[in-house]
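# Survey of secondary and tertiary structure
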Amino acid sequence: MENTSSQHHINQPQQNNNKFGHWLKTSITARLMMVGLLTLILLIPLFFIQTLIDERSRRQEDVVQEINEKWGNEVLLYGPVLKIPYKTFSEKIVTNQETKKSYTETKETINYAYFFPSNLDIASTVNPEEKVRGIFKTAVYDSQIKLNGQFSTPDFSIGEINPEHILWNKAKLMVSTSNLKGVTTAKLQLNKTDYEFTSTYNGKSNNYYNQIVMHTLETKVLKDLTEHSFNKNIPFTLDFKIKGSQQIRFIPIGKQTTASMTSNWKDASFFGEFLPYNEDKFTETGFDAKWNILDLNRPFSQQHFGALPKLDEFAFGVNFMIPVDEYTKSERSAKYGFLVIGLTFLLFFLIQTLSKINIHPFQYLMIGLALTMFYTLLVSISEHSNFLKAYLIAGVSVISLITLYSKSILSTWKFPLFIGLSLTALYTFIYVIIQLENYALIVGSIGLFIILALVMYVSRKIDWNNN
(Lines give C-alpha, C1' and ligand atoms only; values in the text may rest on other atoms or scores of the structure.)
Protein backbone atom coordinates (compact mmCIF):
# COMPACT_ATOMS: atom_id res chain seq x y z
CA MET A 1 0.00 0.00 0.00
CA GLU A 2 2.79 2.38 0.89
CA ASN A 3 4.56 1.71 -2.42
CA THR A 4 1.38 2.37 -4.39
CA SER A 5 0.81 5.67 -2.58
CA SER A 6 4.43 6.72 -3.11
CA GLN A 7 4.23 5.90 -6.80
CA HIS A 8 1.02 7.91 -7.10
CA HIS A 9 2.71 11.03 -5.63
CA ILE A 10 5.74 10.66 -7.87
CA ASN A 11 3.70 10.47 -11.09
CA GLN A 12 1.38 13.41 -10.30
CA PRO A 13 3.68 16.25 -11.62
CA GLN A 14 4.13 14.29 -14.84
CA GLN A 15 0.37 13.97 -15.19
CA ASN A 16 -0.01 17.73 -14.64
CA ASN A 17 2.67 18.29 -17.25
CA ASN A 18 0.83 16.09 -19.69
CA LYS A 19 -2.37 17.97 -18.99
CA PHE A 20 -0.64 21.30 -19.77
CA GLY A 21 0.89 19.88 -22.95
CA HIS A 22 -2.47 18.43 -23.98
CA TRP A 23 -4.17 21.79 -23.28
CA LEU A 24 -1.51 23.61 -25.35
CA LYS A 25 -2.05 21.19 -28.25
CA THR A 26 -5.83 21.15 -28.23
CA SER A 27 -6.83 24.59 -26.96
CA ILE A 28 -7.12 27.36 -29.57
CA THR A 29 -6.84 29.96 -26.82
CA ALA A 30 -3.60 28.44 -25.53
CA ARG A 31 -2.04 28.36 -29.00
CA LEU A 32 -3.13 31.94 -29.65
CA MET A 33 -1.60 33.10 -26.36
CA MET A 34 1.62 31.24 -27.17
CA VAL A 35 1.85 32.83 -30.63
CA GLY A 36 1.24 36.30 -29.17
CA LEU A 37 3.89 35.78 -26.48
CA LEU A 38 6.50 34.63 -29.02
CA THR A 39 5.71 37.61 -31.25
CA LEU A 40 6.36 39.98 -28.35
CA ILE A 41 9.61 38.17 -27.46
CA LEU A 42 10.85 38.57 -31.04
CA LEU A 43 10.47 42.35 -30.70
CA ILE A 44 13.72 42.23 -28.70
CA PRO A 45 15.95 41.14 -31.63
CA LEU A 46 14.02 43.53 -33.91
CA PHE A 47 14.93 46.38 -31.55
CA PHE A 48 18.62 45.43 -31.67
CA ILE A 49 18.47 45.24 -35.47
CA GLN A 50 17.06 48.77 -35.67
CA THR A 51 19.85 49.89 -33.32
CA LEU A 52 22.39 48.23 -35.64
CA ILE A 53 20.97 50.05 -38.67
CA ASP A 54 21.15 53.36 -36.80
CA GLU A 55 24.75 52.69 -35.74
CA ARG A 56 25.82 51.84 -39.31
CA SER A 57 24.10 54.95 -40.60
CA ARG A 58 25.95 57.14 -38.07
CA ARG A 59 29.20 55.42 -38.99
CA GLN A 60 28.64 56.33 -42.62
CA GLU A 61 27.97 59.96 -41.68
CA ASP A 62 31.17 60.09 -39.61
CA VAL A 63 33.30 58.70 -42.45
CA VAL A 64 31.75 61.09 -44.99
CA GLN A 65 32.31 64.01 -42.62
CA GLU A 66 35.94 62.99 -42.13
CA ILE A 67 36.53 62.88 -45.90
CA ASN A 68 34.83 66.25 -46.36
CA GLU A 69 36.85 67.90 -43.59
CA LYS A 70 40.12 66.81 -45.19
CA TRP A 71 39.11 67.90 -48.66
CA GLY A 72 36.89 70.86 -47.85
CA ASN A 73 33.34 71.16 -46.53
CA GLU A 74 30.34 72.55 -48.37
CA VAL A 75 30.70 76.03 -49.83
CA LEU A 76 28.47 78.99 -49.00
CA LEU A 77 29.69 82.17 -50.72
CA TYR A 78 28.54 85.61 -49.63
CA GLY A 79 29.91 88.70 -51.36
CA PRO A 80 31.55 90.86 -52.42
CA VAL A 81 30.40 93.53 -49.98
CA LEU A 82 31.68 97.10 -49.76
CA LYS A 83 32.57 97.89 -46.13
CA ILE A 84 32.89 101.60 -45.28
CA PRO A 85 33.53 102.87 -41.72
CA TYR A 86 31.85 105.97 -40.34
CA LYS A 87 31.92 107.90 -37.09
CA THR A 88 29.05 108.14 -34.66
CA PHE A 89 28.98 110.36 -31.59
CA SER A 90 27.17 109.98 -28.30
CA GLU A 91 26.97 112.45 -25.45
CA LYS A 92 26.59 111.92 -21.76
CA ILE A 93 26.59 114.24 -18.77
CA VAL A 94 29.45 113.68 -16.31
CA THR A 95 29.48 115.20 -12.78
CA ASN A 96 32.73 115.95 -10.96
CA GLN A 97 32.39 114.54 -7.43
CA GLU A 98 34.72 117.14 -5.88
CA THR A 99 33.51 120.34 -7.53
CA LYS A 100 29.98 119.07 -8.13
CA LYS A 101 30.13 120.62 -11.58
CA SER A 102 28.66 118.86 -14.59
CA TYR A 103 29.88 118.84 -18.16
CA THR A 104 29.03 117.05 -21.38
CA GLU A 105 31.38 114.35 -22.63
CA THR A 106 31.31 113.32 -26.28
CA LYS A 107 32.28 109.76 -27.18
CA GLU A 108 33.34 108.83 -30.70
CA THR A 109 32.62 105.33 -32.04
CA ILE A 110 33.55 103.71 -35.34
CA ASN A 111 30.75 101.75 -36.99
CA TYR A 112 30.53 100.14 -40.40
CA ALA A 113 28.15 100.43 -43.31
CA TYR A 114 27.80 97.52 -45.73
CA PHE A 115 26.73 98.01 -49.35
CA PHE A 116 25.81 95.29 -51.82
CA PRO A 117 26.60 95.54 -55.54
CA SER A 118 24.03 96.93 -57.93
CA ASN A 119 24.75 94.11 -60.37
CA LEU A 120 26.21 90.69 -59.62
CA ASP A 121 26.91 87.93 -62.13
CA ILE A 122 28.10 84.54 -60.83
CA ALA A 123 29.57 82.18 -63.41
CA SER A 124 30.75 78.86 -61.98
CA THR A 125 32.06 75.52 -63.16
CA VAL A 126 31.84 72.68 -60.67
CA ASN A 127 33.13 69.18 -61.50
CA PRO A 128 32.59 66.70 -58.65
CA GLU A 129 34.20 63.30 -58.23
CA GLU A 130 33.67 60.39 -55.88
CA LYS A 131 35.92 59.84 -52.87
CA VAL A 132 35.74 56.37 -51.35
CA ARG A 133 36.84 55.12 -47.95
CA GLY A 134 36.09 51.50 -47.22
CA ILE A 135 32.47 50.87 -48.17
CA PHE A 136 31.45 54.52 -47.86
CA LYS A 137 31.71 57.26 -50.48
CA THR A 138 30.94 60.95 -50.90
CA ALA A 139 31.13 63.63 -53.58
CA VAL A 140 33.88 66.27 -53.54
CA TYR A 141 34.61 68.91 -56.14
CA ASP A 142 36.92 71.58 -57.52
CA SER A 143 35.11 74.73 -58.54
CA GLN A 144 35.99 77.81 -60.54
CA ILE A 145 33.82 80.80 -59.70
CA LYS A 146 33.97 84.17 -61.40
CA LEU A 147 31.98 87.07 -59.98
CA ASN A 148 31.49 90.19 -62.06
CA GLY A 149 29.51 93.27 -61.21
CA GLN A 150 29.58 96.86 -60.13
CA PHE A 151 28.94 99.10 -57.16
CA SER A 152 26.86 102.25 -57.44
CA THR A 153 27.14 105.26 -55.12
CA PRO A 154 26.65 104.18 -51.48
CA ASP A 155 23.53 105.76 -49.98
CA PHE A 156 24.28 106.85 -46.41
CA SER A 157 21.14 108.97 -46.15
CA ILE A 158 19.07 105.94 -45.10
CA GLY A 159 21.25 105.60 -42.01
CA GLU A 160 21.15 109.39 -41.45
CA ILE A 161 24.95 109.55 -41.54
CA ASN A 162 26.65 112.94 -41.84
CA PRO A 163 28.81 112.85 -45.02
CA GLU A 164 31.66 114.47 -43.08
CA HIS A 165 31.82 111.47 -40.75
CA ILE A 166 32.34 108.91 -43.53
CA LEU A 167 35.87 107.49 -43.60
CA TRP A 168 36.27 106.85 -47.31
CA ASN A 169 40.02 106.37 -46.95
CA LYS A 170 39.48 103.24 -44.81
CA ALA A 171 36.95 101.44 -47.00
CA LYS A 172 37.47 97.73 -47.72
CA LEU A 173 35.89 94.98 -49.76
CA MET A 174 34.93 91.71 -48.06
CA VAL A 175 33.81 88.23 -49.04
CA SER A 176 32.54 85.56 -46.65
CA THR A 177 32.79 81.83 -47.20
CA SER A 178 31.95 78.78 -45.12
CA ASN A 179 35.01 76.91 -46.42
CA LEU A 180 38.18 78.93 -45.94
CA LYS A 181 40.31 75.79 -46.05
CA GLY A 182 39.21 74.97 -49.59
CA VAL A 183 40.15 78.34 -51.13
CA THR A 184 43.08 77.93 -53.56
CA THR A 185 42.73 81.20 -55.50
CA ALA A 186 41.10 84.53 -54.64
CA LYS A 187 41.92 87.41 -57.03
CA LEU A 188 40.10 90.71 -57.05
CA GLN A 189 40.16 93.59 -59.48
CA LEU A 190 38.20 96.67 -58.43
CA ASN A 191 38.05 99.75 -60.63
CA LYS A 192 41.00 98.34 -62.68
CA THR A 193 43.15 97.92 -59.55
CA ASP A 194 44.26 94.52 -58.28
CA TYR A 195 43.83 93.61 -54.61
CA GLU A 196 44.70 90.64 -52.44
CA PHE A 197 42.52 89.19 -49.72
CA THR A 198 43.55 88.48 -46.15
CA SER A 199 41.66 86.38 -43.65
CA THR A 200 40.26 88.25 -40.65
CA TYR A 201 39.15 86.99 -37.26
CA ASN A 202 37.28 89.07 -34.71
CA GLY A 203 37.34 86.59 -31.85
CA LYS A 204 33.72 85.57 -32.40
CA SER A 205 32.52 82.37 -34.00
CA ASN A 206 29.98 84.23 -36.15
CA ASN A 207 28.06 80.99 -36.21
CA TYR A 208 24.84 82.33 -37.74
CA TYR A 209 24.53 79.82 -40.49
CA ASN A 210 22.88 76.74 -39.05
CA GLN A 211 26.15 75.44 -37.60
CA ILE A 212 28.12 76.65 -40.65
CA VAL A 213 30.83 79.06 -39.51
CA MET A 214 31.45 81.88 -41.99
CA HIS A 215 35.00 83.13 -42.50
CA THR A 216 35.62 86.66 -43.78
CA LEU A 217 38.21 87.66 -46.37
CA GLU A 218 39.00 91.38 -46.59
CA THR A 219 41.14 93.49 -48.88
CA LYS A 220 43.52 96.16 -47.69
CA VAL A 221 42.23 99.73 -47.72
CA LEU A 222 40.85 100.52 -51.17
CA LYS A 223 43.05 102.95 -53.06
CA ASP A 224 41.84 106.47 -53.80
CA LEU A 225 38.22 105.67 -52.98
CA THR A 226 36.07 108.75 -52.41
CA GLU A 227 32.47 109.64 -52.90
CA HIS A 228 33.44 111.14 -56.26
CA SER A 229 34.81 107.77 -57.39
CA PHE A 230 31.19 106.72 -57.92
CA ASN A 231 30.44 109.29 -60.61
CA LYS A 232 30.44 106.14 -62.68
CA ASN A 233 29.67 102.72 -61.33
CA ILE A 234 32.77 100.96 -60.01
CA PRO A 235 33.27 97.58 -61.71
CA PHE A 236 34.79 94.53 -60.05
CA THR A 237 35.94 91.06 -61.05
CA LEU A 238 36.57 88.33 -58.52
CA ASP A 239 38.14 84.99 -59.45
CA PHE A 240 37.65 82.22 -56.94
CA LYS A 241 38.92 78.66 -57.02
CA ILE A 242 37.69 76.61 -54.12
CA LYS A 243 37.46 72.96 -53.13
CA GLY A 244 34.32 71.71 -51.47
CA SER A 245 32.04 68.76 -50.91
CA GLN A 246 28.39 67.79 -51.04
CA GLN A 247 26.91 71.15 -52.06
CA ILE A 248 27.58 74.75 -53.09
CA ARG A 249 25.42 77.80 -52.35
CA PHE A 250 25.36 81.51 -53.16
CA ILE A 251 23.52 84.42 -51.59
CA PRO A 252 21.97 86.78 -54.20
CA ILE A 253 23.08 90.13 -52.80
CA GLY A 254 23.05 92.04 -56.10
CA LYS A 255 20.23 94.41 -56.90
CA GLN A 256 20.06 92.12 -59.89
CA THR A 257 21.81 88.77 -59.52
CA THR A 258 22.36 86.48 -62.48
CA ALA A 259 24.05 83.13 -62.05
CA SER A 260 25.06 80.18 -64.19
CA MET A 261 26.62 76.85 -63.27
CA THR A 262 27.92 74.08 -65.48
CA SER A 263 28.89 70.67 -64.17
CA ASN A 264 29.59 67.08 -65.22
CA TRP A 265 27.40 65.73 -62.39
CA LYS A 266 24.16 64.17 -63.62
CA ASP A 267 22.58 63.39 -60.24
CA ALA A 268 22.57 66.97 -58.95
CA SER A 269 19.54 68.44 -57.19
CA PHE A 270 18.74 72.14 -56.99
CA PHE A 271 17.57 73.61 -53.70
CA GLY A 272 17.21 76.84 -51.78
CA GLU A 273 14.99 79.87 -52.04
CA PHE A 274 15.48 80.25 -55.81
CA LEU A 275 15.51 77.56 -58.50
CA PRO A 276 16.94 77.74 -62.05
CA TYR A 277 14.64 79.28 -64.63
CA ASN A 278 15.78 77.17 -67.60
CA GLU A 279 13.82 73.93 -67.85
CA ASP A 280 16.35 72.19 -70.13
CA LYS A 281 19.18 72.49 -67.61
CA PHE A 282 20.21 68.82 -67.72
CA THR A 283 22.40 67.76 -70.64
CA GLU A 284 24.01 64.52 -71.79
CA THR A 285 27.21 65.37 -69.94
CA GLY A 286 25.80 66.97 -66.78
CA PHE A 287 23.83 70.20 -66.36
CA ASP A 288 23.89 73.89 -67.23
CA ALA A 289 21.68 75.85 -64.84
CA LYS A 290 20.81 79.55 -64.89
CA TRP A 291 19.26 81.89 -62.31
CA ASN A 292 17.96 85.47 -62.46
CA ILE A 293 17.07 87.11 -59.14
CA LEU A 294 15.94 90.70 -58.54
CA ASP A 295 16.05 92.63 -55.27
CA LEU A 296 12.25 92.59 -55.44
CA ASN A 297 12.38 88.80 -55.04
CA ARG A 298 14.07 88.91 -51.63
CA PRO A 299 13.17 90.79 -48.43
CA PHE A 300 16.44 92.58 -47.61
CA SER A 301 17.88 95.91 -48.70
CA GLN A 302 21.09 96.82 -50.51
CA GLN A 303 22.68 98.54 -47.53
CA HIS A 304 23.03 97.73 -43.85
CA PHE A 305 24.42 99.75 -40.96
CA GLY A 306 26.17 98.35 -37.92
CA ALA A 307 26.18 94.66 -38.87
CA LEU A 308 25.28 92.33 -41.69
CA PRO A 309 22.03 90.41 -41.26
CA LYS A 310 21.59 86.65 -41.37
CA LEU A 311 20.90 85.90 -45.03
CA ASP A 312 21.68 82.20 -45.47
CA GLU A 313 17.98 81.33 -45.67
CA PHE A 314 17.87 83.17 -49.00
CA ALA A 315 20.74 81.19 -50.51
CA PHE A 316 20.35 79.02 -53.60
CA GLY A 317 22.56 76.27 -54.91
CA VAL A 318 23.18 72.71 -55.98
CA ASN A 319 23.49 69.49 -54.02
CA PHE A 320 26.08 67.00 -55.27
CA MET A 321 25.63 64.47 -52.48
CA ILE A 322 25.65 60.84 -53.55
CA PRO A 323 22.17 59.51 -52.69
CA VAL A 324 22.78 56.80 -50.10
CA ASP A 325 19.34 55.77 -48.88
CA GLU A 326 20.05 52.08 -48.23
CA TYR A 327 20.06 52.63 -44.47
CA THR A 328 16.87 54.68 -44.63
CA LYS A 329 15.12 51.97 -46.63
CA SER A 330 16.47 49.24 -44.33
CA GLU A 331 15.19 51.15 -41.33
CA ARG A 332 11.76 51.55 -42.92
CA SER A 333 11.60 47.84 -43.77
CA ALA A 334 12.62 46.90 -40.21
CA LYS A 335 9.67 48.90 -38.90
CA TYR A 336 7.44 46.37 -40.67
CA GLY A 337 9.19 43.50 -38.87
CA PHE A 338 6.41 43.16 -36.28
CA LEU A 339 3.85 42.97 -39.08
CA VAL A 340 5.82 40.28 -40.97
CA ILE A 341 6.34 38.12 -37.88
CA GLY A 342 2.75 38.56 -36.71
CA LEU A 343 1.22 37.69 -40.09
CA THR A 344 3.55 34.70 -40.60
CA PHE A 345 2.74 33.33 -37.16
CA LEU A 346 -0.95 33.92 -37.86
CA LEU A 347 -0.61 31.95 -41.08
CA PHE A 348 0.99 29.00 -39.27
CA PHE A 349 -1.64 29.28 -36.53
CA LEU A 350 -4.49 29.04 -39.07
CA ILE A 351 -2.84 26.08 -40.81
CA GLN A 352 -2.30 24.36 -37.44
CA THR A 353 -5.87 25.00 -36.33
CA LEU A 354 -7.62 24.05 -39.58
CA SER A 355 -5.49 21.04 -40.47
CA LYS A 356 -5.02 19.74 -36.90
CA ILE A 357 -1.24 19.57 -37.43
CA ASN A 358 0.79 20.06 -34.27
CA ILE A 359 3.45 22.81 -34.34
CA HIS A 360 5.72 23.12 -31.31
CA PRO A 361 6.48 26.56 -29.77
CA PHE A 362 10.19 25.96 -30.47
CA GLN A 363 9.36 25.63 -34.18
CA TYR A 364 7.48 28.92 -34.06
CA LEU A 365 10.56 30.48 -32.44
CA MET A 366 12.88 29.15 -35.18
CA ILE A 367 10.59 30.59 -37.86
CA GLY A 368 10.52 33.94 -36.06
CA LEU A 369 14.32 34.08 -35.79
CA ALA A 370 14.62 33.27 -39.50
CA LEU A 371 12.34 36.25 -40.22
CA THR A 372 14.53 38.58 -38.14
CA MET A 373 17.63 37.35 -40.02
CA PHE A 374 16.14 38.94 -43.14
CA TYR A 375 17.02 42.41 -41.83
CA THR A 376 20.61 41.66 -40.87
CA LEU A 377 21.14 40.13 -44.32
CA LEU A 378 19.49 43.17 -45.92
CA VAL A 379 21.71 45.70 -44.11
CA SER A 380 24.98 43.82 -44.60
CA ILE A 381 24.43 43.09 -48.30
CA SER A 382 23.11 46.59 -49.13
CA GLU A 383 26.39 48.07 -47.87
CA HIS A 384 28.16 46.34 -50.76
CA SER A 385 25.40 46.44 -53.37
CA ASN A 386 22.21 48.30 -54.25
CA PHE A 387 19.10 47.97 -52.13
CA LEU A 388 17.04 46.03 -54.67
CA LYS A 389 19.68 43.31 -55.09
CA ALA A 390 20.15 43.08 -51.31
CA TYR A 391 16.38 42.86 -50.77
CA LEU A 392 16.06 40.07 -53.36
CA ILE A 393 18.95 38.03 -51.93
CA ALA A 394 17.74 38.41 -48.32
CA GLY A 395 14.12 37.73 -49.27
CA VAL A 396 14.84 34.62 -51.38
CA SER A 397 17.17 33.23 -48.70
CA VAL A 398 14.69 33.65 -45.83
CA ILE A 399 11.65 32.49 -47.80
CA SER A 400 13.52 29.39 -49.02
CA LEU A 401 14.70 28.60 -45.49
CA ILE A 402 11.21 28.90 -43.97
CA THR A 403 9.59 26.97 -46.84
CA LEU A 404 11.99 24.04 -46.47
CA TYR A 405 11.67 24.11 -42.69
CA SER A 406 7.88 24.12 -43.03
CA LYS A 407 8.11 21.00 -45.19
CA SER A 408 9.77 19.15 -42.30
CA ILE A 409 6.97 20.30 -39.97
CA LEU A 410 3.93 19.92 -42.23
CA SER A 411 5.07 16.81 -44.14
CA THR A 412 3.34 17.57 -47.45
CA TRP A 413 4.36 20.30 -49.96
CA LYS A 414 0.89 21.87 -50.15
CA PHE A 415 1.15 24.08 -47.08
CA PRO A 416 4.90 24.97 -47.36
CA LEU A 417 4.41 26.18 -50.95
CA PHE A 418 1.43 28.24 -49.83
CA ILE A 419 3.56 29.75 -47.03
CA GLY A 420 6.38 30.52 -49.48
CA LEU A 421 3.98 32.27 -51.88
CA SER A 422 2.40 34.22 -49.02
CA LEU A 423 5.78 35.43 -47.74
CA THR A 424 6.79 36.38 -51.29
CA ALA A 425 3.63 38.45 -51.65
CA LEU A 426 4.16 40.04 -48.21
CA TYR A 427 7.81 41.02 -48.87
CA THR A 428 6.86 42.35 -52.31
CA PHE A 429 4.09 44.41 -50.75
CA ILE A 430 6.51 45.88 -48.17
CA TYR A 431 9.10 46.67 -50.86
CA VAL A 432 6.48 48.57 -52.85
CA ILE A 433 5.51 50.58 -49.76
CA ILE A 434 9.17 51.42 -49.05
CA GLN A 435 9.65 52.76 -52.59
CA LEU A 436 6.54 54.91 -52.45
CA GLU A 437 6.57 58.29 -50.73
CA ASN A 438 3.36 60.18 -51.47
CA TYR A 439 1.18 57.07 -51.72
CA ALA A 440 2.75 54.85 -49.05
CA LEU A 441 -0.06 55.41 -46.53
CA ILE A 442 -2.95 54.70 -48.87
CA VAL A 443 -1.29 51.65 -50.47
CA GLY A 444 -0.37 50.30 -47.03
CA SER A 445 -3.88 50.84 -45.70
CA ILE A 446 -5.49 49.11 -48.68
CA GLY A 447 -3.04 46.20 -48.42
CA LEU A 448 -3.69 45.71 -44.70
CA PHE A 449 -7.44 45.89 -45.31
CA ILE A 450 -7.17 43.09 -47.89
CA ILE A 451 -5.04 40.98 -45.53
CA LEU A 452 -7.56 41.48 -42.72
CA ALA A 453 -10.40 40.50 -45.03
CA LEU A 454 -8.59 37.28 -46.04
CA VAL A 455 -7.88 36.38 -42.40
CA MET A 456 -11.52 36.98 -41.50
CA TYR A 457 -12.66 34.83 -44.42
CA VAL A 458 -10.31 31.92 -43.62
CA SER A 459 -10.93 32.01 -39.85
CA ARG A 460 -14.71 31.89 -40.17
CA LYS A 461 -14.63 28.06 -40.05
CA ILE A 462 -12.67 27.90 -36.78
CA ASP A 463 -14.62 26.76 -33.75
CA TRP A 464 -13.53 29.43 -31.27
CA ASN A 465 -15.59 27.81 -28.51
CA ASN A 466 -13.04 25.00 -28.38
CA ASN A 467 -10.89 26.57 -25.68
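What comes next is a walk through the structure. (Residues numbered from 1 in each chain as written. Predicted model: local features only at pLDDT ≥ 70, side-chain atom pairs only at ≥ 80, totals over all residues. Heavy atoms only, no water.)

Quick look at the overall build of the protein now. A count of helices and strands for the protein gives 9 helices and 15 strands. Counting every position in the protein, which comprises 467 residues, the buried fraction comes to 41%. Relative to all contacts within the protein whose residues are 6 or more apart in sequence, the contacts with residues 24 or more apart total 78%. Roughly 26200 Å² of accessible area belongs to the protein as shown, and the carbon and sulfur atoms make up 55% of that amount. (Helix = DSSP H or I, 4+ residues; strand = E, 2+ residues; numbered from the N terminus. Buried < 20%, exposed > 50% of the residue type's maximum accessible area, 1.4 Å probe, protein only. Contact = heavy atoms within 4.5 Å. Areas by Shrake-Rupley, 256 points an atom, 1.4 Å probe, with all protein chains shown as cover.)

What follows deals with the packing of aromatic side chains. Aromatic ring pairs are reported here in terms of the distance separating the ring centres and the angle at which the planes meet. According to the stated counting rule, one finds 28 aromatic pairs in the structure shown. Taken together, a centroid distance of 5.3 Å and an interplanar angle of 85° make the contact between F270 and F287 edge-to-face. Here F287 lies in strand 13 (residues 287-294) and F270 lies in strand 12 (residues 269-272), a separation of 17 residues in the sequence. For the pair F270 and F287, a shared accessibility class is recorded, and that class is buried. An angle of 45° between the planes, with centres 5.5 Å apart, marks the rings of F300 and F314 as tilted. (Phe/Tyr/Trp six-rings, centres within 6.5 Å; stacked < 30°, edge-to-face > 60°.)

Those residues of helix 4 (residues 326-334) that sit buried are E326, Y327, K329, S330, S333 and A334. One side of helix 4 carries all its buried residues, which in axial view fall inside an arc of 160°. Residues of helix 4 that are buried sit in contact with helix 3 (43-71), strand 4 (136-151), helix 5 (337-355), helix 6 (361-382), helix 7 (387-410) and helix 8 (414-435). (Arc of directions from axis to C-beta.)

This part covers the nonpolar core. With 65 residues, the main nonpolar core has W291 and F320 as its most contacted residues. In terms of residue count, strand 1 (residues 75-95) provides more of this core than any other element does, 8 residues in total. Excluding residues within four positions of it along the chain, F320 makes contact with V126, P128, A139, Y141, Q246, Q247, I248, M261, S263, W265, A268 and F287. Judged by nonpolar contacts, the second largest core, of 50 residues, contains L38, V63, F387 and I402. (Core = buried A, V, L, I, M, F, W, Y, C linked by side-chain atoms within 4.5 Å.)

Let us look at the pairing of strand 11 (residues 256-263). Burial along strand 11 is one-sided: the face carrying T257, A259, M261 and S263 is buried and the face carrying Q256, T258, S260 and T262 is not. As paired elements, strand 3 (residues 119-133) and strand 11 share 8 bridges and run parallel to each other. Considered in strand 11, the bridge of N119 is made with Q256. Direction of pairing for strand 11 relative to strand 13: antiparallel, over a ladder of 8 bridges. Residue pairing in the sheet places S263 in a bridge with F287 of strand 13. (Pairing = 2+ DSSP bridges.)

For the rest of this paragraph, the subject is the packing of helix 7 against helix 8. Where helix 7 contacts helix 8, the two axes come as close as 9 Å, and the packing angle between them is 155°. Looking at the two axes, helix 7 sits roughly antiparallel to helix 8. Between helix 7 and helix 8 the crossing geometry is right-handed. Residues F387, L388, Y391, V398, I399, I402, T403, S406, K407 and L410 of helix 7 form the contact with helix 8, whose own contacting residues are F415, P416, I419, G420, L423, T424, Y427, I430, Y431, I434 and Q435. Taken together, the residues of the contact of helix 7 with helix 8 break down into 15 nonpolar, 5 polar and 1 charged. (Axes fitted to C-alpha atoms, helices over the stretch in contact; angles between N-to-C directions. Parallel < 35°, antiparallel > 145°, perpendicular 65-115°, else oblique. Left-handed = near helix turned anticlockwise from the far one by under 90°. Nonpolar A, V, L, I, M, F, W, Y, C, P; charged D, E, K, R; others polar.)

Take a nonpolar patch on the surface next. A surface patch of nonpolar side chains, amounting to about 680 Å² of accessible area, comprises Y439, I442, I446, F449, I450 and L454. Tracing the chain through its elements places Y439 in the loop between helix 8 and helix 9 (440-458). (Patch = residues over 30% accessible without salt bridge, like charges linked within 9 Å, V, L, I, M, F, W, Y side chains within 5 Å. Salt bridge = Lys/Arg side-chain N within 4 Å of Asp/Glu carboxyl O.)

Moving on to the environment of E313. Of note, E313 is situated in the loop between strand 14 (303-305) and strand 15 (316-319). Overall, E313 belongs to the exposed group, its relative accessible area being 52%. Measuring from C-alpha to C-alpha, the distance between E313 and I251 comes to 8.7 Å, with 62 residues separating the pair along the chain.

Between the first and last C-alpha of helix 2 (residues 28-41) there are 20 Å, a value that for 14 residues agrees with the 20 Å anticipated at 1.5 Å per step. What helix 2 keeps buried is the set I28, A30, R31, M34, V35, L38 and T39. (Expected span 1.5 Å × (residues − 1).)

If you trace the backbone, S143 turns up in strand 4. For S143, a relative accessible area of 2% puts it in the buried group. At 2.8 Å, the side chain of S143 and the backbone oxygen of I242 are in polar contact. Once you skip the residues sitting within four places of it in the chain, S143 turns out to touch T125, V126, F240, K241, I242 and I248. (Polar contact = N/O pair within 3.5 Å; in protein donor to acceptor, adjacent residues only side chain to side chain.)

Another aspect to go through is unusual backbone geometry. Negative phi values dominate among residues other than glycine, just as trans dominates among peptide bonds. Residue P80 follows G79 across a cis peptide bond; omega there is 0°. Here P80 is to be found in strand 1. With phi around 70°, K192 is a residue other than glycine that occupies positive phi space. One can find K192 in the loop between strand 6 (183-190) and strand 7 (193-200).

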